[in-house]
Amino acid sequence: MSNPSLLILPGDGIGPEVMAEVQRIIGWYGDKRGITFDVSEDLVGGAAYDAHGTPLHDDTMAKAQSVDAVLLGAVGGPKYDVLDFSVKPERGLLRLRKEMDLFANLRPAQCFDALADFSSLKRDVVAGLDIMIVRELTSGIYFGEPRGIIEEGNERVGINTQRYTESEIDRVARSAFELAMKRGKKVCSMEKANVMESGILWREVVTEVGKEYPEVELSHMYADAGAMQLVRWPKQFDVIVTDNLFGDLLSDAAAMLTGSLGMLPSASLGAPMDNGRPKALYEPVHGSAPDIAGQGKANPIACVLSFAMALRYSFDLGEEAERLEAAVNKVLADGVRTADLLGEEGVTPVSTSGMGDAILAALDASL
Ligand code: IPM
Ligand code: MG
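Residues numbered from 1 in each chain as written. Chains lettered and ligands numbered in written order. Predicted model: local features only at pLDDT ≥ 70, side-chain atom pairs only at ≥ 80, totals over all residues. Heavy atoms only, no water.

Draft legend 1. Examining the overall build of the protein chain more closely. Secondary structure summary: the protein chain contains 12 helices and 12 strands in total. The C-alpha radius of gyration computed for the protein chain amounts to 20 Å, which stays within 12% of the reference 21 Å derived for 367 residues, consistent with globular compactness. Its C-alpha atoms give the protein chain principal-axis dimensions of roughly 60 × 50 × 50 Å. Counting all 367 residues of the protein chain, 53% fall into the buried class. Taking contacts inside the protein chain between residues at least 6 apart in sequence as the whole, the part at least 24 apart equals 74%. By element, 51% of the accessible surface of the protein chain is carried by carbon and sulfur atoms, the whole surface being about 15800 Å². (Helix = DSSP H or I, 4+ residues; strand = E, 2+ residues; numbered from the N terminus. Rg over C-alpha atoms; globule rule 2.2 N^0.38 Å. Buried < 20%, exposed > 50% of the residue type's maximum accessible area, 1.4 Å probe, protein only. Contact = heavy atoms within 4.5 Å. Areas by Shrake-Rupley, 256 points an atom, 1.4 Å probe, with all protein chains shown as cover.)

Encoded structure:
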């Protein structure tokens, strides 16, 4: 059998720095666990624009379609703000999501015990938090037509369209229920059925799918109330399923519950390929952080944990994923901190590669 294949797209800003640590961990799995990946690397975002004049070259798109999983760092940066919308770094990422049809975006928000005091919320609100946001990723207002800026009379009008088909809602709802079955057996669906027809349809379809999962307790919330509940008492949730735009907002809020955006991984999954594996792209929830790029300060944990999600969801290596997550947990419990996690007295931050060293040492210790 051939090795599983991985396409690595480090992207922009801190992307290459955090990805370098993941590369070392991938190397560790080859050396110490005999799990070898065929790794190729390519450009995305501003880096691709600089080289090819497009944020995602067609050859890179084709590679992404052919590998078992894609690992992405981050895209974007102020240098690219002046570019035309159609070639902005973000378009590269959105094209990957759309053409790979990665409709289910899994964004776990877990609070590491050692970091419970880093949240802006009180410790007892966030300690032990473990929720999963399932965000629809290939439709809704991000992609709906008509869209654009048009002239109307003597002024311009900006237009975007929120649009969901029943099948698009159905499939992402199923992903949420399947996950809930393996977790706390609760799904909360969030939309704005009080003001949006797409929300009414969303609620109806999710309710229908829910009937096939009688063991799962389904609830519905308006997304604004959901945002409020998320910061009031987040532990009431297990799996949250929501649309593309609400999911974007709610997952950033959920990220902050855990203390640092530098901690959160994500998986974007599509339909199963011929080999039974889902089409998949893994990326940290954080962005390219241009303010600290190139300084060796970035926290690589979100990217490392994204690789752990790849082990679990693409390669059926759940135990190895747990090994890596436990290594991260140990390092944090030992007090190793990157600069985004400071605040305790007398702690000197480690660099990006210092955090990588610590995680590798914890992996060694796990053998
Ligand atoms: C995210 C980001 C992206 C999004 C941007 C970079 C296009 O905010 O993944 O949450 O809006 O989906
Ligand atoms: Mg976002």
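Draft legend 2. Spatial organisation of the sheet that holds strand 9 (residues 217–222). In space, the 10 strands of this open sheet follow the order 2-1-3-12-11-4-5-10-8-9, with mixed pairing throughout. The strands lining the two open edges of the sheet, one partner per strand, are strand 2 (38–41) and strand 9. Strand-to-strand, the axes of this sheet are offset by a mean angle of 20°, without reference to chain direction. Note: strand 11 (residues 265–272) against strand 12 (residues 278–284), six bridges, orientation antiparallel. If you follow serine 266 over to strand 12, its bridge partner there is glutamate 283. (Pairing = 2+ DSSP bridges. Axes fitted to C-alpha atoms, helices over the stretch in contact; angles between N-to-C directions.)

Draft legend 3. Representation of the pairing of strand 11 within the structure. In terms of burial, strand 11 is a largely internal element, six of the eight residues being buried. Relative to strand 11, strand 4 (residues 104–110) runs antiparallel, the two sharing three bridges. Bridge assignment links leucine 106 to a residue of strand 11, and that residue is alanine 267. The hairpin turn running from strand 11 into strand 12, its antiparallel successor, is five residues long, and glycine 276 in that turn takes a positive phi close to 85°.

Draft legend 4. Molecular detail of the pattern of salt bridges. What the rule picks out here adds up to 24 salt bridges. Between aspartate 357 and arginine 24 there is a salt bridge, with the nearest N and O atoms lying 2.5 Å from each other. Pair noted here: aspartate 357 is in helix 12 (residues 352–365) and arginine 24 is in helix 1 (residues 15–33), with a separation of 333 residues, a long-range link. The salt bridge partner of arginine 95 is glutamate 99, with a shortest N-O separation of 2.9 Å. Note that arginine 95 and glutamate 99 are positioned in helix 4 (residues 89–99) at a spacing of four residues, about one turn of the helix. The network of salt bridges with shared partners includes Glu21, Arg24 and Asp357. (Salt bridge = Lys/Arg side-chain N within 4 Å of Asp/Glu carboxyl O.)

Draft legend 5. Structural detail: the packing of aromatic side chains. This structure, assessed with the given rule, holds seven aromatic pairs. An angle of 10° between the planes, with centres 5.1 Å apart, marks the rings of phenylalanine 177 and tyrosine 213 as stacked. Taken together, the residues phenylalanine 177 in helix 6 (residues 166–181) and tyrosine 213 in the loop between helix 7 (197–210) and strand 9 connect sequence positions 36 residues apart. Pair check on accessibility: phenylalanine 177 and tyrosine 213 agree, each one buried. Site record: aromatic cluster; members linked through ring pairs are Trp28, Tyr29, Phe37, Phe307 and Phe315. Seen from the ring of phenylalanine 143, lysine 98 lies directly overhead, with NZ or CZ sitting 4.8 Å from the centre. Positioned above the aromatic ring of tyrosine 142, the side-chain terminus of arginine 135 is 5.3 Å from the ring centre. (Phe/Tyr/Trp six-rings, centres within 6.5 Å; stacked < 30°, edge-to-face > 60°. Lys NZ or Arg CZ within 6 Å of the ring centre and 35° of its normal.)

Draft legend 6. Inspection of the site of ligand 1 at higher detail. Inspection of the region around ligand 1 gives Glu90, Arg97, Arg107, Arg135, Tyr142 and Asp248 as its neighbouring residues. The separation between an oxygen atom of ligand 1 and a polar side-chain atom of arginine 107 is 2.7 Å. Taken by itself ligand 1 offers 320 Å² of open surface, and the protein chains cover 75% of this. Of the residues assigned to the shell around ligand 1, the class counts are one nonpolar, no polar and five charged. (Near = heavy atom within 4 Å. Polar contact = N/O pair within 3.5 Å; in protein donor to acceptor, adjacent residues only side chain to side chain. Nonpolar A, V, L, I, M, F, W, Y, C, P; charged D, E, K, R; others polar.)

Draft legend 7. Quick peek at the environment of methionine 19. Tracing the chain through its elements places methionine 19 in helix 1. Given the relative accessible area of 1%, methionine 19 is considered buried. For the pair methionine 19 and leucine 261, spaced 242 residues apart in the sequence, the C-alpha separation amounts to 16 Å. The contact partners of methionine 19, leaving out residues within four places of it in the chain, are Ile8, Leu9, Pro10, Leu71, Leu72, Gly73 and Cys303.

Draft legend 8. Examining unusual backbone geometry more closely. Proline 146 follows glutamate 145 through a cis peptide bond whose omega is 0°. You will see that lysine 185, though not glycine, has its phi angle at about 60°, which is positive. Looking at where lysine 185 falls in the secondary structure, it is placed in the loop between helix 6 and strand 8 (186–191). Classification of lysine 185 as partly exposed rests on a relative accessible area of 30%. A positive phi angle is found at alanine 289, which is not glycine, with a value near 40°. Position of alanine 289 among the secondary structure elements: in the loop between strand 12 and helix 10 (301–313). The class for alanine 289 is partly exposed, based on a relative accessible area of 23%.

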